[in-house]
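Here is what each chain is made of, one letter per residue.
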Amino acid sequence: MDTKIGSLDTCRPTSNDMINPTNGAVAAIQSSVSPTMINASESTLGRHLARRLVQIGVTDVFSVPGDFNLTLLDHLIAEPELNLVGCCNELNAGYAADGYARSRGVGACVVTFTVGGLSVLNAIAGAYSENLPVICIVGGPNSNDYGTNRILHHTIGLPDFSQELACFQTVTCFQAVVNNLEDAHELIDTAISTALKESKPVYISISCNLSAIPHPTFSREPVPFSLTPKLSNKLGLEAAVEAAAEFLNKAVKPVLVGGPKLRPAHAGEAFVELADASGYALAIMPSAKGLVPEHHPHFIGTYWGAVSTAFCAEIVESADAYLFAGPIFNDYSSVGYSLLLKKEKAIIVQPDRVVIANGPAFGCILMKDFLSALAKRLKCNTTAYDNYHRIFVPEGQPLRGAPKEPLRVNVLFQHIQKMLSSETAVIAETGDSWFNCQKLKLPRGCGYEFQMQYGSIGWSVGATLGYAQAVPEKRVISFIGDGSFQVTAQDVSTMLRCGQKTIIFLINNGGYTIEVEIHDGPYNVIKNWNYTGLVDAIHNGEGKCWTAKVFCEEDLVEAIETATGSKKDSLCFIEVIAHKDDTSKELLEWGSRVSAANSRPKTNPLIVTSGGSHQRRAKEQSAQHRWSYSKGTSFKMD
C-alpha cells in the first residue's frame, strides 16, 4: 500500500541526527560516520553513481546502449549489486523504470544523448504525471566539446547541446549536467535526493569521457542518503484538524474517498487509520486502485461518477460530507466533468494542503499528519456504510455461453478474478482493460498498477517488465490491447532474457477500442498480427515461453490451467480473440461523456476593459473557473 524507498530503511546511520529518509532534503553528514576507503580503480564517477543507485534500493537499471554512454555502462556493470537490463528501445526502458518505481519506490534508466534522451522523454513525462521518482541518466557529450563551436552526431546539427536539457526541464524536477568532476558528487547527490523528496523524475547527463576517471570525492564509500523529513506547520495542523473535525462530526452520512496522491504523500497507512477510526464508508478514485486495501470492512468500491462500481456512486454522491485524500480531478477521472458533487460538502486533502468546503484553506500541512490527527478527533459514524450494505445487491454472473461460443470479455474477467492472490499483481493497459480490471476485487497483498493520468498506450509492456523485475516473488498478470501491444511489443524479449514468469493476456479485438468509443473512424482499425506467432518468433527457443490462442471459454479454462500449472515458471502469452464491439458497459458510458467534453463548443473570451465593473466580473469568473456548476448539483475541476 505505502511505497518504501528500497534499502533506505536499512541504511540508518548510528547518529541520531541522521534522520531516516521519508521525504525532504539531504541531511547534514555527521562526523560520527567513517566511510570505508575505496581503491583507486573503483573511485570513479561511474562506480560512485552505481553505488548511489544501489544504496537507494535500485538493483536493476534499464538501459539502451549508445556511443555516449558505453563507458558509463561498463562502470555500472562493474558494480556487483547492480544488474543492467538491456531493453529494445528507450521508450520501453523508461516505462520499465516507471513500473520498477511503482514497486520499489524509485527506478532508473540509462540512455544515450539526444537520440536516446528524446526517445525516453515520453516515458519520463508519464512518470512525472504519476509522481514517480525515476532517475533518468544520459551519457552526454565529451566535456571538452561544451563551449566550442563543434557540431556533434546525435544532435539536430547545431553547436548548441541544450536541446535535450530544455526538453527535460518541463518533465523533471531537477536537471544535472555533469561535465566536470569537481561538482559531480554534489550534482548527483542533489539530483537523487530531489527525486526522492519530490517523488518526481530527475535528469542526469554525464559527459562520456568522465565516467572512468577516479577523483578524490569518490575515494570513500558514500555516506548513506538521509533525508530530513518535511514537517507540518503545527499551528496550521491543529487549526485544520479542528475545522475538519467540526465539519465532519456534524454530518449525518460522511464518506472517505482515496485518490492517487496517497502514494507520493506516503499517506496510505494514515488513510486506513482514519477509515478504521471513523467508521465511514470507504471508496477509492479509479487511479488509486491498489493504494487502499479492498479487504477493509467498510470498503464500498471505486467512485468514478457514472461508471463507478455498483452502488458506490449513489453512496458518495448522496453523502452530506466527503473527504477526498489526494484526488486528481481531470476529464478522465471525472468522466467528462460530470461528477455529481458539491464543493461545499467536500474536504480536499492534498499532500501538503487542506481545503474545507468553500474555505478555509490550510497550507504547509502534510497529508499523513493531518489524516492521523483527524482520526483521533472524529466520532464513529457508520451511517453511509450501513446505507450501502442495505441497498447493495451482488452483481450477476455473465450469461452462460453455449459450448464453443465465442469468448466474451466479461467471461474472461470472471476467470481472471479466480487467479488473483497475494502472490500476484495486475497491470492494466490504457483502454477497456481500465474498466474491466477496475471491477476486479483485489485480495490482500495483490498488487495493482495502471497509468491513468498520462494514459500512454503501450505503457504496460515496459511497466510489466520493470514491475516484474522489482518483485520476482510475485507473478504479474498483464492485460494489454492489441493496439497498445503493437506500440511496444519488442520488450517481451527482455522479459524472456530476464527469466520472468509473467502472464500476458493480449486482448485482440482489431483496433483502438477506447478511441472508437470516444470518436470512431478508420484510423482506429489496425493491421491484425499473428500475436502468438510473433511471441514464438521472439522466443526463438531461448528462455521459457508458452503461448496460446483462445477463442472460447473452454480454450480459456485450459490455457489458465496450463499457465498456472505446468507452465507456472514460464512467461505465458495468451491471445484472447474478442469481438470488436465487445466492450464493458462502463467504457460505453465513459466514452460518450468524454467525447461530449472533448467536443464542447468554443466560448467567447471575456473582454476586460479598464472599467471597474468589467474588472470585478473578470475576477469573479476567474474565481469560479476551477469549480463550475452544472444544474446546481455537479462540479467540474478544470
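Here the structure is a predicted model, which is why all the values come from computation and not from measurement. (Residues numbered from 1 in each chain as written. Predicted model: local features only at pLDDT ≥ 70, side-chain atom pairs only at ≥ 80, totals over all residues. Heavy atoms only, no water.)

Engineer: Please explain the overall build of the chain as it appears in this structure.
Structural biologist: In terms of regular secondary structure, the chain is built from 21 helices and 21 strands. Taking all 638 residues of the chain together, the buried fraction comes to 56%. Of all intrachain contacts in the chain linking residues separated by at least 6 positions in sequence, the fraction that spans at least 24 positions is 76%. Total accessible area on the chain stands at roughly 26300 Å², and carbon and sulfur atoms take up 52% of it. (Helix = DSSP H or I, 4+ residues; strand = E, 2+ residues; numbered from the N terminus. Buried < 20%, exposed > 50% of the residue type's maximum accessible area, 1.4 Å probe, protein only. Contact = heavy atoms within 4.5 Å. Areas by Shrake-Rupley, 256 points an atom, 1.4 Å probe, with all protein chains shown as cover.)

Engineer: Sorry, what's going on with the pattern of salt bridges here?
Structural biologist: Charged atoms that come close allow side chains of opposite charge to pair. A full pass over the atoms with the stated rule returns 16 salt bridges. Notably, a salt bridge pairs Asp145 with Arg150, separated by 2.8 Å at the nearest N-O pair. On the basis of relative accessibility, which here comes to 46%, the residue Arg150 falls in the partly exposed class. With a shortest N-O distance of 3.2 Å, Lys580 and Asp581 are connected by a salt bridge. (Salt bridge = Lys/Arg side-chain N within 4 Å of Asp/Glu carboxyl O.)

Engineer: Looking at this model, I keep getting lost on the nonpolar core. Mind explaining?
Structural biologist: Soluble, globular proteins show a tendency: their nonpolar side chains are buried together. In terms of nonpolar packing, the biggest core is built from 44 residues, with Phe62, Ile124, Phe168 and Phe485 touching the most fellow members. Look past the residues within four positions of Ile124 in its chain and what remains in contact with it is Cys109, Val134, Cys136, Phe168, Val171, Thr172 and Pro201. Counting 42 residues, the second-largest nonpolar core is a separate cluster that includes Phe413, Ala548, Ile560 and Ala578. (Core = buried A, V, L, I, M, F, W, Y, C linked by side-chain atoms within 4.5 Å.)

Engineer: Would you take a moment to explain helix α19 (residues 553-564) for this structure?
Structural biologist: Between its terminal C-alpha atoms α19 stretches 16 Å, which fits the 16 Å expected from twelve residues at 1.5 Å a residue. Taken together, the buried positions of α19 are occupied by Leu556, Ala559, Ile560, Thr562 and Ala563. Buried residues in α19, looked at end-on, bunch into an arc of 165°, giving them a common side. What points out from α19, more than 90 degrees from its buried face, is the exposed set Glu558 and Glu561. (Expected span 1.5 Å × (residues − 1). Arc of directions from axis to C-beta.)

Engineer: How should I be thinking about helix α20 (residues 585-598) in this particular structure?
Structural biologist: Along an α-helix, a turn takes 3.6 residues, which lines up residues three or four apart on a common side. The end-to-end C-alpha distance of α20 is 20 Å, a good match for the 20 Å that 14 residues give at a rise of 1.5 Å each. Buried residues of α20: Glu586, Leu587, Trp590, Gly591, Val594 and Ala597, and no others. The buried residues of α20 occupy an angular sector of 125° when projected down its axis, which confines them to one face.

Engineer: Help me understand the confidence of the model for the chain in this model?
Structural biologist: Regions with low pLDDT should not have their predicted coordinates read in detail. Taken as a whole, the chain shows an average pLDDT of 88; of its residues, 88% reach a score of 70 or greater. Low pLDDT, under 50, characterises residues 1-33; the stretch is placed with 93 contacts to residues that sit more than four places away or in other chains. Within the model, the stretch residues 608-638 combines pLDDT values under 50 with 43 contacts to residues more than four positions away or in other chains. (pLDDT = per-residue confidence, 0-100.)

Engineer: It is not clear to me how the sheet that holds strand β2 (residues 83-86) should be interpreted in this structure. Could you clarify?
Structural biologist: Backbone hydrogen bonds hold the strands of a sheet together, and the pairing may be parallel or antiparallel. If you walk across this open sheet you meet the six strands as β2-β1-β3-β4-β6-β5, and the pairing is parallel. The sheet terminates laterally at β2 and β5 (175-178), the two strands that pair on one side only. Here the strands of the sheet are splayed against their neighbours by 20° on average, with no regard to which way each runs. Helix α3 (residues 90-104) contacts β1 (60-63), β3 (107-112) and β4 (134-140) of the sheet and is inclined by roughly 165° relative to β3. Lying on the sheet, helix α14 (residues 459-470) is in contact with β1 and β2; it crosses β1 at an angle near 160°. (Pairing = 2+ DSSP bridges. Axes fitted to C-alpha atoms, helices over the stretch in contact; angles between N-to-C directions.)

Engineer: How should I be thinking about the packing of aromatic side chains in this particular structure?
Structural biologist: Each pair of aromatic rings is reported with the distance of its centres and the angle of its planes. Tallied over the full model, the rule gives 23 aromatic pairs. Over the face of the ring belonging to Phe225 we find Arg52, whose NZ or CZ atom lies 4.1 Å from the ring centre. The ring of Tyr128 is capped by Lys200, whose NZ or CZ atom sits 4.0 Å from the centre of that ring. (Phe/Tyr/Trp six-rings, centres within 6.5 Å; stacked < 30°, edge-to-face > 60°. Lys NZ or Arg CZ within 6 Å of the ring centre and 35° of its normal.)

Engineer: How do you make sense of the side chain of Ser484 when you look at a structure like this?
Structural biologist: Of note, Ser484 is situated in helix α15 (residues 482-488). Once you skip the residues sitting within four places of it in the chain, Ser484 turns out to touch Glu429, Thr430, Ile457, Gly458 and Tyr512.

Engineer: Would you take a moment to explain the packing of α3 against helix α4 (residues 117-129) for this structure?
Structural biologist: The description of two packed helices rests on the angle between their axes and on the distance between the axes. Direction vectors running N to C along α3 and α4 enclose 20°, while the axes themselves pass 7 Å from each other. Considering the angle they form, α3 stands roughly parallel to α4. Handedness of the α3/α4 crossing: right-handed. In this structure, α3 contributes Glu90, Leu91, Gly94, Tyr95 and Asp98 to the contact, and α4 contributes Ser119, Val120, Asn122, Ala123, Gly126 and Ala127. Residues of the contact of α3 with α4, tallied by class, amount to five nonpolar, four polar and two charged. (Parallel < 35°, antiparallel > 145°, perpendicular 65-115°, else oblique. Left-handed = near helix turned anticlockwise from the far one by under 90°. Nonpolar A, V, L, I, M, F, W, Y, C, P; charged D, E, K, R; others polar.)

Engineer: Help me understand the sheet that holds strand β11 (residues 346-350), please; the structure alone is not making it clear to me.
Structural biologist: Strand order across the open sheet formed by seven strands is β9-β8-β7-β10-β11-β12-β13, with mixed pairing between neighbours. The open sheet is flanked by β9 (299-302) and β13 (361-363), the only strands paired with a single partner. Neighbour to neighbour, the strand axes of the sheet diverge by 15° on average, direction disregarded. Relative to β9, strand β8 (residues 281-284) is paired through three bridges, and the arrangement is parallel.

Engineer: What am I meant to see in unusual backbone geometry here?
Structural biologist: Most peptide bonds take the trans form, and the phi angle of most residues other than glycine is negative. Cis geometry is found at the peptide bond from Gly359 to Pro360, where omega equals 5°. When you line up the elements, Pro360 lands in the loop between β12 (353-356) and β13. Of note, Phe311 is a non-glycine position whose phi angle comes to about 70°, a positive value. Note on placement: Phe311 falls in the loop between β9 and α9 (312-318). For Tyr337, which is not a glycine, the phi torsion comes out positive at approximately 60°. Considering the arrangement of structural elements, one finds Tyr337 in the loop between β10 (322-325) and β11.

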